[in-house]
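# Observations on the model geometry
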Amino acid sequence: MSLKRFAIFIIILSLLSWLFVSNFFFEDHIVEIFLGMIAPLIIGLSTVFTVKSIYLKNPTKLTSFMIKSFGGKMVLYGLYIFGIATFSTFDARQFLVSFIVYFSALHMLEALFIRAVFRGMKTQHEIING
């Protein structure tokens, strides 16, 4: 699967799951569920795009990027959760549950995609070099 198709798939999957859950089970918490989904979606997709770009250009820089990315994401997610919990007028429990579910699911899908990218590139490298 190409990166573009993966991104479209993840965006559609996230939006459809948000619409389904918020319209059929938690009608009063549409905003909380959306806010729990959007940050992991945007940050995760930007990470996948960057990982693939670095891997194609200079794979030796990938490990240092992943370490820096991990630290940066910890700070970004922490600030995001703090901001939502502190400055929102709604009950943050639904937001936190939504965030945890989307964060976990999206990161698992990203890991599977990145693994597929690595395997695909390794196979192409083996074909080129015999």
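Here is a short report on the structure shown in this document. (Residues numbered from 1 in each chain as written. Predicted model: local features only at pLDDT ≥ 70, side-chain atom pairs only at ≥ 80, totals over all residues. Heavy atoms only, no water.)

Before going further, it helps to examine the packing of helix α1 (residues 3-24) against helix α2 (residues 30-57). Between α1 and α2, whose axes approach to 10 Å, the crossing angle comes to 170°. Judged by the inter-axis angle, α1 sits roughly antiparallel to α2. The segment α1 lies against α2, with L3, F6, A7, I10, I11, S14, L15, W18, V21, S22 and N23 engaging I30, I33, F34, M37, L41, L45, V48, F49 and K52. Among the residues forming the contact of α1 with α2, the class breakdown is 16 nonpolar, 3 polar and 1 charged. (Axes fitted to C-alpha atoms, helices over the stretch in contact; angles between N-to-C directions. Helix = DSSP H or I, 4+ residues; strand = E, 2+ residues; numbered from the N terminus. Parallel < 35°, antiparallel > 145°, perpendicular 65-115°, else oblique. Contact = heavy atoms within 4.5 Å. Nonpolar A, V, L, I, M, F, W, Y, C, P; charged D, E, K, R; others polar.)

In this structure, the largest pocket encloses a volume near 300 Å³. Around the largest pocket, the lining is made up of 14 residues, and of these V21, I33, S98, V101 and Y102 lie nearest the centre. At the level of elements, α1 and α4 (92-129) are the ones that each hand at least two residues to the lining of the largest pocket. Its residues assigned to classes, the lining of the largest pocket comprises 10 nonpolar, 4 polar and no charged. Its boundaries defined by the atoms lining it, the second largest pocket holds a volume of some 230 Å³. When residues of the lining of the second largest pocket are traced back to their parent elements, those giving at least two are α3 (62-87) and α4. A total of 6 residues in the lining of the second largest pocket trace back to one element, the largest contributor, which is α3. When the residues that make up the lining of the second largest pocket are grouped by side-chain class, the tally is 7 nonpolar, 3 polar and 2 charged. (1 Å grid on protein atoms, 1.4 Å probe; cavity = no way out; pocket = protein on both sides within 12 Å on 5 of 7 lines; lining within 4 Å. Points joined across faces, edges and corners; volume = space filled by probe spheres on them.)

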